[in-house]
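Chain residues, written in single-letter form:
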Amino acid sequence: MELHQPLSSLIVPLCASCRNNGELLAGPFLYNESFPDALPMVSSIAPANHTVCSGSSTLCKLVSWWNKHCSNGGDDSAILMHQSDWLLWLLHGEYGVCDYNNTLKVGYDPEIGSYPSWLMSQPYSHMLPSSVRAPGVPIGPIREEVRSQYGFSNDCVVCTGTTDSIAAFLAAGTTDPGKAVTSLGSTLAIKLVSRVRVEDARFGVYSHRLDDQWLVGGASNTGGVVLRQLFSDDQLVALSRDIDPSSPSPLDYYPLPKKGERFPVSDPDMEPRLEPRPDSDADYLHGILESMARIEASGYKLLKELGATPVEEVFTAGGGAQNEKWTAIRERVLGVPVRKAEQTEAAYGAALLALRGATTGS
Ligand SMILES: Nc1ncnc2c1ncn2[C@@H]1O[C@H](COP(=O)(O)OP(=O)(O)O)[C@@H](O)[C@H]1O
Ligand SMILES: O=C(CO)[C@H](O)[C@H](O)COP(=O)(O)O
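Residues numbered from 1 in each chain as written. Chains lettered and ligands numbered in written order. Predicted model: local features only at pLDDT ≥ 70, side-chain atom pairs only at ≥ 80, totals over all residues. Heavy atoms only, no water.

What follows concerns the overall build of the protein chain. Helices and strands together make up the secondary structure of the protein chain, namely 11 helices and 12 strands. Expected size for 362 residues packed as a compact globule is a radius of gyration near 21 Å; at 21 Å, the protein chain falls within 12% of this value. Once the C-alpha set of the protein chain is aligned to its principal axes, its extents read approximately 60 × 50 × 40 Å. Out of the 362 residues in the protein chain, the part that is buried amounts to 54%. (Helix = DSSP H or I, 4+ residues; strand = E, 2+ residues; numbered from the N terminus. Rg over C-alpha atoms; globule rule 2.2 N^0.38 Å. Buried < 20%, exposed > 50% of the residue type's maximum accessible area, 1.4 Å probe, protein only.)

Right, dumping it as structure tokens:
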């Protein structure tokens, strides 16, 4: 399979359905694609407000595909792969292996360590990854043909991965309850270390497990992809110089790249609001950055209202972390210290996971 469009991030939930020869049956389906046609069926089997009860959940993507292609007698050899499952499968060659972060949105329960019975009784349950492991544990040796083609060492092992915003969280290197990481990449994803697990699909809020911690949060469709539609990266740097972050912008937008929001409002029909546009581009950018900061602040406020440990400090990852003016705006709007993480790339966090898997073997 080739992907002809650049992936905005590492977390494109790729519901790639493969036969034994790895043939792609459908998709890929992207992280922000919504399949409301599957929502009534999914909501009828899952507990109220479960993470899968959102049109953009992996389970809705799977059910939508299943209804269209397999409802009159399924394809027993079809399986679901997340993006990282597929990439890792190319390296190790074993079907059905995944981690408990990627499987959260298809319904896996990381607290009890299994799929719930309401999911396993469905006709498509054979498509779910069958071996769900912790992130960063060894899966097995790299396939010999790949090893020799790229010159990896004989003892190279492939380890389970995670989602991209968790990888960004790991890169930031923070672990205490109340500490959070906002990833300002193509989208705006927040992850807060919480003593309490919180989940509410009405607002796109869910909790990922990381060892014995909960990473509570959600992902908004606002973020850098909207900025890229309007400004080049060089313009962002130049215009930001003219912004006074201590003075609140009166402009009130809801910056989205297209229709649809996931968090802190879950509404597949929400329209972007990017007008009125002032004459000054710097004022426009100021209004957009400030509006994104308000979305971020309402996200953290919502997590607290739902019972998560209140946020005390925010580290920033992703391309937006470079923007000091935006950091200052966010600090004013969030009301807690905000700073750039020492390592802002999700790939760094993924490498830490691999290191852990390779060195500890667990
Ligand atoms: N100076 C800047 N200020 C704000 N945002 C920026 C700046 N430079 C780049 N960006 C944004 O960062 C985003 C890229 O960040 P990145 O973490 O690479 O995203 P992703 O991996 O999710 O695609 C772009 O969408 C771009 O708009
Ligand atoms: O919007 C995204 C893609 O860039 C997020 O990274 C993604 O949806 C967040 O998912 P998760 O919290 O499960 O890592």
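Now that the structure has been shown, the text picks up again.
Our next topic: unusual backbone geometry. Along the chain, phenylalanine 263 connects to proline 264 via a cis peptide bond; the corresponding omega equals 0°. Mapped onto the secondary structure, proline 264 falls in the loop between α8 (233-241) and α9 (281-305). Residue glutamate 275 is joined to proline 276 through a cis peptide bond whose omega torsion reads 5°. Locating proline 276 in the fold gives a position in the loop between α8 and α9. Phi at asparagine 49 is positive, roughly 65°, even though this residue is not glycine. Mapping asparagine 49 onto the fold places it in the loop between α1 (39-45) and α2 (58-69). The backbone of aspartate 211 sits at a positive phi, close to 55°, despite the residue not being glycine.

Before going further, it helps to spend a moment on the environment of proline 255. One can find proline 255 in the loop between α8 and α9. Taking the relative accessible area as the measure of exposure, proline 255 reaches 0% and is therefore buried. Note: C-alpha distance between proline 255 and arginine 294 (39 residues apart in sequence) is 11 Å. Apart from residues no more than four positions distant in its own chain, proline 255 is found in contact with Thr222, Val226, Arg273, Leu274, Ile288, Ser291, Met292 and Ile295. (Contact = heavy atoms within 4.5 Å.)

This part takes up helix α11 (residues 346-360). Taking 1.5 Å of rise per residue, the 15 residues of α11 would be expected to cover 21 Å, and the 21 Å separating its terminal C-alpha atoms lies within 8% of that figure. Looking only at α11, the buried set comprises Ala346, Gly349, Leu353 and Gly357. End-on view of α11: buried residues confined to an arc of 80°, all on one side of the axis. Across α11 from its buried face, at more than 90 degrees, point the exposed residues Ala358 and Thr359. Buried positions along α11 lie against β5 (138-141), β6 (157-159) and α6 (164-172). (Expected span 1.5 Å × (residues − 1). Arc of directions from axis to C-beta.)

Further remarks concern the sheet that holds strand β9 (residues 206-210). One open sheet accounts for 6 strands, arranged β9-β10-β8-β7-β11-β12; its pairing is mixed. On the outer flanks of this sheet lie β9 and β12 (338-340), each paired with one strand and no other. Pairs of neighbouring strands in the sheet enclose a mean axial angle of 25°, with direction left out of account. Where strand β11 (residues 313-317) lies against β12, 3 bridges are found, and the strand directions are parallel. Looking across to β12, one finds that phenylalanine 315 is bridged to arginine 339. Helix α10 (residues 324-334) rests against β7 (179-184), β11 and β12 of the sheet, and its axis sits at about 155° to β12. (Pairing = 2+ DSSP bridges. Axes fitted to C-alpha atoms, helices over the stretch in contact; angles between N-to-C directions.)

The subject of this paragraph is the packing of aromatic side chains. By the definition in use, this model includes 7 aromatic pairs. Centre to centre, the rings of phenylalanine 29 and phenylalanine 35 are 5.2 Å apart; their planes meet at 75°, and the pair counts as edge-to-face. Residue classification places phenylalanine 29 among the buried residues on the basis of a relative accessible area of 12%. Taken together, the aromatic side chains of Phe231, Tyr253 and Tyr284 make up a single cluster linked through ring pairs. (Phe/Tyr/Trp six-rings, centres within 6.5 Å; stacked < 30°, edge-to-face > 60°.)

With that settled, the discussion passes to the nonpolar core. With 37 residues, the main nonpolar core has Leu227, Leu285, Ile288, Tyr300 and Leu303 as its most contacted residues. Going through the elements one at a time, β7, β8 (188-194), β10 (213-220), α7 (224-230), α8, α9 and α10 are the ones with two or more residues in this core. Of the residues forming this core, the biggest block, 11 residues, is contributed by α9. Those residues in contact with leucine 303, other than ones at most four positions away along the chain, are Ile190, Leu192, Val205, Val216, Gly217, Phe263 and Ala308. Counting residues in each nonpolar core, the second largest holds 28 residues, with Trp66, Tyr108, Tyr124 and Val132 among its members. (Core = buried A, V, L, I, M, F, W, Y, C linked by side-chain atoms within 4.5 Å.)

Turning our eyes to something else, we now look at the confidence of the model for the protein chain. Across the protein chain, the average pLDDT comes to 92, with 93% of residues at 70 or higher. Confidence drops under a pLDDT of 50 for residues 1-19, and excluding neighbours within four residues, the segment shows 61 contacts in the predicted structure. Among the scores for the predicted complex, ipTM is 0.97 and pTM is 0.92. (pLDDT = per-residue confidence, 0-100.)

Attention shifts here to the pattern of salt bridges. Think of it this way: side chains of opposite charge can pair up when their charged atoms draw near. Going through the model one piece at a time under the given rule, you end up with 19 salt bridges. Put simply, arginine 147 and glutamate 144 hold a salt bridge, and the shortest N to O gap is 3.0 Å. With arginine 147 and glutamate 144 both in helix α5 (residues 144-150), this residue pair falls 3 residues apart, about one helical turn. A residue is classified by how much of its surface remains accessible, and arginine 147, at 16% relative accessible area, is buried. Between aspartate 252 and arginine 273 there is a salt bridge, and its shortest N-O distance comes to 3.4 Å. Here aspartate 252 is found in the loop between α8 and α9, whereas its partner arginine 273 is found in the loop between α8 and α9, with 21 residues between them in sequence. Among the residues examined, aspartate 252 registers a relative accessible area of 45% and is labelled partly exposed. (Salt bridge = Lys/Arg side-chain N within 4 Å of Asp/Glu carboxyl O.)

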